[in-house]
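Single-letter residue listing:
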Amino acid sequence: MTTWATFLSDLRLDLKDTGATQRFTDGALYLWVKDAIRDYSMHYPRRMDRIELSAADGAYPLPADFIQDVEVEYPLNTFLERRQQRPGQSYAQGTTPTYYYTSRGNLYLDSLPPAGPIYLTYDAVHPSPESADDLTFVLTVPVIDEELIRLYVKAKASEQLRTQQASLDRFKLGSGDRQDNPLLPEVNTLMIEYRTKLAERYPGRSIRFWKPKRA
């Protein structure tokens, strides 16, 4: 894995922004990297296995980095089924949990919370450094995919340069329908390249219609 300090250095090399006077501040690059990691996580999330959740006011608050549930167990090795909500259908509350569902940042069971925690396996957002100065932070994005994060940031950096260029008189609003900003094609190309390489990461795979038993 790569530290934030190393990634930031690699990013500046990629942006050709290693001179004494830098075009982009560490703060700007940090903001764009956070955005890139969040976007990347929607496609390639971090898997969190068997995280203990405790009940609060009859529900189980989901982790802050939660994207989507994968499995819920109570007790361990006993898998609950995700309940498919149907309009107009009422659901009885049992004494032993069988089903679960998620809503508004919480996980709910079809019974009163049992004694002890439940165990959630879920897809999560990859974490980001706490700040631009958190140089020892270790990224969880796989090294093979760091290029994707850099591509996203390069598109954002080019977008900022385009905005600065557009502030020149010949691109100001009111001067007609101007479509000749020379940086616009580069911004679009970089983001298209990012999306294309994201799609290339998806491998062909089979779909299971059953849940394998844990060893």
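Residues numbered from 1 in each chain as written. Predicted model: local features only at pLDDT ≥ 70, side-chain atom pairs only at ≥ 80, totals over all residues. Heavy atoms only, no water.

Draft legend 1. Expanded view of the overall build of the protein. The helix and strand tally for the protein stands at four helices and seven strands. Going through the 215 residues of the protein one by one, you find that 35% of them count as buried. (Helix = DSSP H or I, 4+ residues; strand = E, 2+ residues; numbered from the N terminus. Buried < 20%, exposed > 50% of the residue type's maximum accessible area, 1.4 Å probe, protein only.)

Draft legend 2. Molecular detail of the sheet that holds strand E4 (residues 81-82). Read from one edge of the open sheet, four strands run E2-E6-E5-E4, paired in mixed fashion. Among the strands making up the open sheet, the edge pair consists of strand E2 (60-61) and E4. As paired strands, E2 and strand E6 (residues 106-109) are joined by two bridges and run antiparallel to one another. Bridge assignment links Tyr-60 to a residue of E6, and that residue is Leu-107. (Pairing = 2+ DSSP bridges.)

Draft legend 3. Layout of unusual backbone geometry. Of note, the bond from Tyr-74 into Pro-75 is cis; its omega dihedral lies within 30 degrees of zero at -15 degrees. The phi torsion at Arg-50 lies on the positive side, around 50 degrees, for a residue other than glycine. Assignment of secondary structure puts Arg-50 in strand E1 (residues 46-53). Classification of Arg-50 as partly exposed rests on a relative accessible area of 29%. Notably, Arg-104 is not glycine yet its phi reads approximately 50 degrees, a positive angle. Mapped onto the secondary structure, Arg-104 falls in the loop between strand E5 (99-103) and E6.

Draft legend 4. A look at the packing of helix H1 (residues 4-15) against helix H2 (residues 26-43). Axis separation between H1 and H2 bottoms out at 11 Å; the angle between their running directions is 100 degrees. Considering their axes alone, H1 and H2 lie roughly perpendicular with respect to each other. Of H2, the residues touching H1 (which contributes Trp-4, Phe-7, Leu-8, Leu-11, Arg-12 and Leu-15) are Asp-26, Leu-29, Tyr-30 and Val-33. A class-by-class count of the residues in the contact of H1 with H2 yields eight nonpolar, no polar and two charged. (Axes fitted to C-alpha atoms, helices over the stretch in contact; angles between N-to-C directions. Parallel < 35°, antiparallel > 145°, perpendicular 65-115°, else oblique. Contact = heavy atoms within 4.5 Å. Nonpolar A, V, L, I, M, F, W, Y, C, P; charged D, E, K, R; others polar.)

Draft legend 5. Main features of the packing of aromatic side chains. Taken as a whole, this structure holds seven aromatic pairs when the rule is applied. Arranged with centres 5.2 Å apart and planes meeting at 20 degrees, the rings of Tyr-101 and Tyr-108 form a pair that is stacked. With relative accessibility at 22%, the residue Tyr-101 sits in the partly exposed group. Aromatic side chains Tyr-152 and Tyr-194 sit 5.3 Å apart centroid to centroid with 75 degrees between the ring planes, which places their arrangement in the edge-to-face category. (Phe/Tyr/Trp six-rings, centres within 6.5 Å; stacked < 30°, edge-to-face > 60°.)

Geometric values such as these leave the question of function open.
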